[in-house]
Amino acid sequence: MPYVLQQKESEQIYTTTLVNHYGLTYYGVKFWTEQEEAIEQASSYLESQSVSNPDSWQVIELEENEMKIGNVKLKNSPQWRLFWSSITRKAEARKLEN
């Protein structure tokens, strides 16, 4: 199961530019495969990405297909933000306003 970062108040999922196992760059959900690793690395990772207030983010678990659907909704574009509802267990993508 993938473990991802979610902003506690807004429910936004942390997304960034990543490299897949084929060496291709894409915009998607930052994830870890192990919960312990995610918890250990989350704060330092957010700090390395210059995220203000890393304590406002939490590690949550998604099913792999839920994360993949979220990545599709992002359309490989940093103009989109992903939000996850733990109640409905659905992702919603919102385009940034210019």
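Refer to the structure presented above.
Residues numbered from 1 in each chain as written. Predicted model: local features only at pLDDT ≥ 70, side-chain atom pairs only at ≥ 80, totals over all residues. Heavy atoms only, no water.

Enquirer: Hey, could you run me through helix α2 (residues 64-73) in this one?
Expert: Looking only at α2, the buried set comprises Glu66, Met67, Gly70 and Asn71. Each buried residue of α2 lies within a common arc of 140 degrees when the element is viewed along its axis, so the set occupies one face. Looking at the buried positions of α2, the neighbouring elements they touch are β1 (3-7), β4 (25-29), β5 (31-32), β7 (80-85) and β8 (90-95). (Buried < 20%, exposed > 50% of the residue type's maximum accessible area, 1.4 Å probe, protein only. Helix = DSSP H or I, 4+ residues; strand = E, 2+ residues; numbered from the N terminus. Arc of directions from axis to C-beta. Contact = heavy atoms within 4.5 Å.)

Enquirer: Looking at this model, I keep getting lost on the side chain of Ser56. Mind explaining?
Expert: Inspection of the secondary structure puts Ser56 in the loop between α1 (35-48) and β6 (57-61). Excluding residues that lie within four positions of it along the chain, Ser56 makes contacts with Gln6, Gln7 and Lys8.

Enquirer: Please clarify how the packing of aromatic side chains should be interpreted in this entry.
Expert: Any two aromatic rings considered together are summarised by their centre-to-centre distance and by the angle between their planes. A complete count under the given rule lists 3 aromatic pairs for this structure. With a centroid separation of 5.6 Å and 80 degrees between ring planes, the pair formed by Tyr14 and Trp57 is classed as edge-to-face. Placement of the pair is Tyr14 in the loop between β2 (12-13) and β3 (15-19) and Trp57 in strand β6, with a sequence separation of 43 residues. The pair Tyr14 / Trp57 is uniform in exposure class, with both members buried. Clustering of aromatic rings is evident, with ring pairs tying together Tyr14, Trp32, Tyr45 and Trp57. The lysine or arginine in question, Lys30, covers the ring of Trp32, its NZ or CZ lying 4.7 Å from the ring centre. One Lys or Arg, Arg94, reaches over the ring of Phe83 and ends 3.8 Å from the middle of that ring. (Phe/Tyr/Trp six-rings, centres within 6.5 Å; stacked < 30°, edge-to-face > 60°. Lys NZ or Arg CZ within 6 Å of the ring centre and 35° of its normal.)

Enquirer: Explain the pattern of salt bridges here, please?
Expert: If the charged atoms of two oppositely charged side chains come close together, the side chains can form a pair. Overall, the coordinates contain 3 salt bridges when judged by the stated rule. Here Lys68 ties to Glu64 by a salt bridge, and the two come within 3.2 Å at their closest N and O atoms. One end of the pair is Lys68 and the other is Glu64, both in helix α2 and 4 residues apart, which spans about a single turn. You can call Glu64 partly exposed: its relative accessible area is 47%. Close ionic contact of Arg89 with Glu66 constitutes a salt bridge, the shortest N to O distance being 2.8 Å. Of this pair, Arg89 sits in the loop between β7 and β8 while Glu66 sits in helix α2; the two residues are 23 residues apart in sequence, bridging distant segments of the chain. We classify Arg89 as partly exposed; its relative accessible area is 39%. (Salt bridge = Lys/Arg side-chain N within 4 Å of Asp/Glu carboxyl O.)

Enquirer: Explanation requested: unusual backbone geometry in the structure shown.
Expert: What you tend to see is this: most non-glycine residues have negative phi, and most peptide bonds are trans. Its identity as a non-glycine residue notwithstanding, Ser50 has a phi of 60 degrees, on the positive side. Within the secondary structure, Ser50 is located in the loop between α1 and β6. Exposure remark for Ser50: the relative accessible area of 67% places this residue in the exposed category.

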